[in-house]
Amino acid sequence: MNEIDFRQLLLEAKKFFTHEWNYTKLTAVEKLTILLSATAVVAVVVIIGAFALAYLANTLVTLLGQALGSEWGANLLVAALLVVLLLLVIAFKQRIIVDPIARFVTKLFLNAEDNE
């Protein structure tokens, strides 16, 4: 009869679960690194984009002020344009903000087998 060496079996099980735990930790660190890197890139792009938008708005105010002969009218027109842009972002937030983030996080944390 085959005898089962329970000590050896427990030792192998312990090794297996130790390796699995280490693999899980390594995978979590990898995913967290990717997520934080993407967050940092988005933050930098948003900050630079905000400065670019401010400079473009200022340039547009200057040009419209010269064309209209009224600086306050140009400021009002550019402010209205920015409010319309803000309303468009709010109206389409699901499509342009939430969905891409959900796709990114899903691809990051779920394997191809998990998505099926």
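Please read these numbers as outputs of a predicted model, since none were measured by experiment. (Residues numbered from 1 in each chain as written. Predicted model: local features only at pLDDT ≥ 70, side-chain atom pairs only at ≥ 80, totals over all residues. Heavy atoms only, no water.)

1. What to know about the layout of surface pockets
The calculated volume of the largest pocket comes to roughly 420 Å³. Taken together, 14 residues make up the lining of the largest pocket; nearest its centre are Val-42, Val-46, Val-89, Pro-100 and Ile-101. Secondary-structure elements contributing two or more residues to the lining of the largest pocket are α1 (6-68), α2 (71-91) and α3 (93-109). Examining the composition of the lining of the largest pocket, we find that 6 residues originate from one element, α1, more than from any other. Partitioned by chemical class, the residues of the lining of the largest pocket number 13 nonpolar, 1 polar and no charged. (1 Å grid on protein atoms, 1.4 Å probe; cavity = no way out; pocket = protein on both sides within 12 Å on 5 of 7 lines; lining within 4 Å. Points joined across faces, edges and corners; volume = space filled by probe spheres on them. Helix = DSSP H or I, 4+ residues; strand = E, 2+ residues; numbered from the N terminus. Nonpolar A, V, L, I, M, F, W, Y, C, P; charged D, E, K, R; others polar.)

2. As for the packing of α2 against α3
Running from amino to carboxyl end, α2 crosses α3 at an angle of 55°, the nearest separation of the two axes being 5 Å. Considering the angle they form, α2 stands oblique to α3. Two secondary-structure elements touch here, α2 through Val-89, Ile-90 and Ala-91 and α3 through Lys-93, Ile-96 and Ile-97. For the contact of α2 with α3, a count of residues per class yields 5 nonpolar, no polar and 1 charged. (Axes fitted to C-alpha atoms, helices over the stretch in contact; angles between N-to-C directions. Parallel < 35°, antiparallel > 145°, perpendicular 65-115°, else oblique. Contact = heavy atoms within 4.5 Å.)

3. Let's talk about the side chain of Lys-31
Along the polypeptide, Lys-31 turns up in helix α1. One buried charged residue, Lys-31, remains without a salt bridge, the closest side chain of opposite sign being Glu-30 at 4.7 Å. Setting aside chain neighbours within four positions, we find Lys-31 in contact with Leu-108 and Phe-109. (Buried < 20%, exposed > 50% of the residue type's maximum accessible area, 1.4 Å probe, protein only. Lys, Arg positive; Asp, Glu negative; His and termini not counted. Salt bridge = Lys/Arg side-chain N within 4 Å of Asp/Glu carboxyl O.)

4. Some words on the packing of aromatic side chains
A full pass over the atoms with the stated rule returns 1 aromatic pair. Centre to centre, the rings of Phe-16 and Phe-17 are 5.2 Å apart; their planes meet at 70°, and the pair counts as edge-to-face. Assessed through its relative accessible area of 57%, Phe-17 is described here as exposed. (Phe/Tyr/Trp six-rings, centres within 6.5 Å; stacked < 30°, edge-to-face > 60°.)

Purely geometric stuff here, so don't read any function into it on its own.
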